Amino acid sequence: MNSEIYKFTSFTTSNCYVLRPFGNEICIFVDLPPDLTEPLDYVNKNNLSIGGALVTHGHFDHALGMSLFPSNIFMNLEDEFLARNPQEQIAMFTNNNFQAEQFNGEIKDINEIPYQFIKSHHNPGHTAGSTSFEFPELGIIFTGDFVFKESIGRTDLKTGNHSEMISSIKNVFTNFNPDYEILPGHGDSEKVSIISKDNIFIREYIND
Ligand SMILES: [Zn+2]
């Protein structure tokens, strides 16, 4: 499949992906970190048109770029409150030195995503609305802060829930195609089969 994926890592360490699913001029963003200038420059330089953004969850390091984004934004609306109220999250990381602007634009629910080639998986635990986005034709899954290469998302922040995380791993992650590549919200990509074998958190919860 002739797809292209551009990965931009934010100063917050979160990943923003710009995906050209079929190698054409339409691109889709996955996650919108605060510093969105570089991925938007990439879009302009390559004369791409933006088909929308898939936001894996409402934390500011994945969603604060919403105010800079010129197209449709899709998110599980269980996380809309987090996305629209980032100040408390930001305060934890910056000693309240940074004041975020309130986002008043539209956020669409993931069931309004107009593309048949995207499958979404609700995997609560890190946040109530955490969602993975799968592109079966490309063999890739964007997991946000659900599953990383060597760890899993923390569950001690607002709407986080440890037992939901465990059941998401048992009921969602274990159904992922072992040959697919995980593209997480932080850090490097890795194959599902390798993560199942080498990620000690995943291994523990799958086997307990
Ligand atoms: Zn997060």
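The rules behind each value
Residues numbered from 1 in each chain as written. Predicted model: local features only at pLDDT ≥ 70, side-chain atom pairs only at ≥ 80, totals over all residues. Helix = DSSP H or I, 4+ residues; strand = E, 2+ residues; numbered from the N terminus. Rg over C-alpha atoms; globule rule 2.2 N^0.38 Å. Contact = placed C-beta atoms within 7 Å. Pairing = 2+ DSSP bridges. Axes fitted to C-alpha atoms, helices over the stretch in contact; angles between N-to-C directions.

*Asks:* Help me out: how do you make sense of the overall build of the chain in this one?
*Replies:* Within the chain one finds 7 helices and 11 strands. Here the C-alpha atoms of the chain give a radius of gyration of 16 Å, agreeing with the 17 Å that 2.2 N^0.38 yields for 208 residues. Taking the principal axes of the C-alpha coordinates as reference, the chain spans close to 45 × 45 × 30 Å. Partitioning the intrachain contacts of the chain with sequence separation of at least 6 by distance along the chain shows that 56% fall at a separation of at least 24.

*Asks:* Help me out: how do you make sense of the sheet that holds strand E3 (residues 26–30) in this one?
*Replies:* Think of a sheet as strands paired side by side through backbone hydrogen bonds, with each pair either parallel or antiparallel. The sheet built from 6 strands is open, its strands ordered E1-E2-E3-E4-E5-E6 with mixed pairing. Since the sheet does not close on itself, it has two edges, and those belong to strand E1 (4–9) and strand E6 (108–109), each with one partner. Note: E3 against strand E4 (residues 49–55), 4 bridges, orientation parallel. Bridging across to E4, Phe-29 finds its partner in Ala-53. Here helix H1 (residues 37–45) sits on the sheet and contacts E1, strand E2 (15–20), E3 and E4; the angle it forms with E2, its principal contact strand, is near 15°.

*Asks:* Just checking my understanding: could you explain the environment of Phe-146 for this structure?
*Replies:* Examined against the element boundaries, Phe-146 turns out to sit in the loop between strand E9 (140–144) and helix H5 (162–171). With near-sequence residues (within four places) excluded, Phe-146 lies in contact with Asn-123, Gly-125, His-126, Ser-130, Ser-132, Gly-153 and Ser-168.

*Asks:* What am I meant to see in the sheet that holds strand E7 (residues 119–122) here?
*Replies:* On the basis of which strands lie adjacent, the open sheet formed by 5 strands has the order E7-E8-E9-E10-E11 and mixed pairing. Across the chains shown, the open sheet's two edge strands, defined by having one partner strand only, are E7 and strand E11 (190–191). As defined by bridge partners, strand E8 (residues 131–135) adjoins E9 across 3 bridges and the pair is classed as antiparallel. Looking at E9, one finds that Phe-133 is bridged to Phe-142.

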